[in-house]
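So you can see what is in the structure, the chains are spelled out below.
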Amino acid sequence: MTTDAGQTPLTIDELAARAGVTVRTVRFYGSKGLLPPPVIGPRRVGHYGPEHVARLALVEELQQQGMTLAAIERYVRQLPADLSPHDLAIHRAVVASWAPDTVDTVSRRELERRAGRPLTSEDLQRLAAMNVVMPADDGAFRVDSGLLRLGVQLLDVPLSQEAILAARKVLIEHSRAAAHELSQLLRGEVAERDAQDVKFLSAHMHPLVVQALLTTFQRSLREELGEWVSGPDVSGPDVSGSDADVSR
C-alpha cells in the first residue's frame, strides 16, 4: 500500500518517530481533532501519510511557540480541510519564522530524539555544513532549534550538499538585499513623521513585510518550478540526452 504521493504509509509508531513525539501524543492530538483519522488497512492497522506528518509538524511548532491547546485547536479548525502537505509546510514555516533564535547543547541521544530519527555520521556532517548542528565538548552537540526540523528534512532531499549550501547562500544574499532595500524605503517614509507614527509602523510593518515576502516568493517559485517541470526539454523524449536544457 502506498499513499497518493507514492510514499509508503507509516504506522503510528513510525509517524511518532518521524515527528519526534510519543505515540501517546499522536493519539491525543487525534482525539482532539488536530490530526485527521488514519486510513485503516489490513488487520485494522492505521496508516498515516504525508498530510499527517505535515499537520503534526505544524501542531508541534504551534505548541513550541507557546500556544495553548485551545488556541491550537482554534487555529487548526480555521485551516481548509484539503490543505496539501506542501501548504501545511508553508503554514509551519510562517509560524517558525517568529521563533526566537535558540541554541541548545544536547547529547547525541537528545539530538536524535528531537530530530525524530537516528543520525549517521554523514547526517551530522551535512547538518554541521548547514550550521544546524555543531560538535561541542564531551560528545555533545550545539543545535539551532529553529533550524533543526528544516535541516533534518533536507537530509532526505535528493540534492547534493554543495547544491543545498549554494541554495542557502542565494537565499541569504537575496533576503539581506531585500531587507536592506525595504529598510531604507521605510526609513525614508518615517523620517518626517513624529515618534508615535514611527512606533506604529515598527509594530505593524514587520509581520506584513514577512507575509508579503513569503507569499511573493512562494508564488514566484511555484511559477519557476512549474515552467521547469512542464517545459518541453523535461517532458520531451530527449530529456535524458546531453543537450537537454534542465538547468534553467
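Scroll up for the structure.
Here we summarise the structure given alongside this text. Since the model is a prediction, treat every value here as computed from it, not as a measurement.

Overview of the environment of P118
- Summarising the element assignment, P118 is placed in the loop between α6 (108-115) and α7 (121-129).
- Linking P118 and R18, residues 100 residues apart in sequence, is a C-alpha distance of 10.0 Å.

As for helix α1 (residues 12-19)
- Taken together, the buried positions of α1 are occupied by I12, L15, A16 and A19. Buried residues along α1 cover an arc of 100° about the axis, so they all sit on one side.
- The inward-facing, buried residues of α1 contact α2 (23-31), β2 (46-47), α3 (50-64) and α8 (145-155).
- Just downstream of α1, G20 is the residue with a positive phi angle, here 75°.

Remarks on the packing of α7 against α8
- Between α7 and α8, whose axes approach to 10 Å, the crossing angle comes to 125°. Taken together, the axes of α7 and α8 are oblique relative to one another. When the axes of α7 and α8 are compared, the crossing they make is right-handed. Of α8, the residues touching α7 (which contributes D123, R126 and L127) are G151, V152, L154 and L155.
- Of the residues in the contact of α7 with α8, the class split is 4 nonpolar, 1 polar and 2 charged.

What to know about the sheet that holds strand β3 (residues 103-106)
- As summarised here, the arrangement of the 3 strands in space is β3-β5-β4, forming an open sheet in which the pairing is antiparallel. The open sheet has two free edges, formed respectively by β3 and β4 (133-135), since each of these has just one partner strand. Between one strand axis and the next, the sheet turns by 25° as a mean value, whatever way the strands run.
- Note that β3 and strand β5 (residues 141-144) share 4 bridges and pair antiparallel. The residue bridging T105 from the neighbouring strand is R142, located in β5.
- Each of β3, β4 and β5 touches α8; the most contacted strand, β5, lies at about 85° to it.

A short note on a nonpolar patch on the surface
- A cluster of nonpolar residues, L171, F217 and L221, forms a patch on the protein surface that exposes about 280 Å² of accessible area.
- Here L171 is to be found in helix α9 (residues 161-190).
- A relative accessible area of 47% places L171 in the partly exposed class.

A few points about unusual backbone geometry
- For R43, which is not glycine, the phi dihedral falls at a positive 60°.
- Looking at the secondary structure, you find R43 in the loop between β1 (39-40) and β2.
- A positive phi angle, near 60°, is found at D138, a position not held by glycine.
- Here D138 shows up in the loop between β4 and β5.

Re the nonpolar core
- Judged by nonpolar contacts, the single largest core of 22 residues is most densely connected at V26 and L56.
- Of all the secondary structure elements, the ones that give two or more residues to this core are α1, α2, α3, α4 (69-77) and α5 (85-96).
- When residues of this core are assigned to their parent elements, the largest contribution, 5 residues, is made by α3.
- Setting aside anything within four residues of it in sequence, one finds L56 in contact with L15, A19, V21, V26, Y29 and L35.
- The next biggest cluster of nonpolar side chains, apart from the first, holds 15 residues, and it includes V106, M130, V133 and I164.

Topic: the packing of aromatic side chains
- In the structure shown here, the tally under the stated rule is 1 aromatic pair.
- Ring plane angle 50° and centroid distance 6.2 Å describe the contact between F28 and Y29, whose orientation is recorded as tilted.
- Assessed through its relative accessible area of 3%, Y29 is described here as buried.

So, how was this worked out
Residues numbered from 1 in each chain as written. Predicted model: local features only at pLDDT ≥ 70, side-chain atom pairs only at ≥ 80, totals over all residues. Heavy atoms only, no water. Helix = DSSP H or I, 4+ residues; strand = E, 2+ residues; numbered from the N terminus. Buried < 20%, exposed > 50% of the residue type's maximum accessible area, 1.4 Å probe, protein only. Arc of directions from axis to C-beta. Contact = heavy atoms within 4.5 Å. Axes fitted to C-alpha atoms, helices over the stretch in contact; angles between N-to-C directions. Parallel < 35°, antiparallel > 145°, perpendicular 65-115°, else oblique. Left-handed = near helix turned anticlockwise from the far one by under 90°. Nonpolar A, V, L, I, M, F, W, Y, C, P; charged D, E, K, R; others polar. Pairing = 2+ DSSP bridges. Patch = residues over 30% accessible without salt bridge, like charges linked within 9 Å, V, L, I, M, F, W, Y side chains within 5 Å. Areas by Shrake-Rupley, 256 points an atom, 1.4 Å probe, with all protein chains shown as cover. Salt bridge = Lys/Arg side-chain N within 4 Å of Asp/Glu carboxyl O. Core = buried A, V, L, I, M, F, W, Y, C linked by side-chain atoms within 4.5 Å. Phe/Tyr/Trp six-rings, centres within 6.5 Å; stacked < 30°, edge-to-face > 60°.

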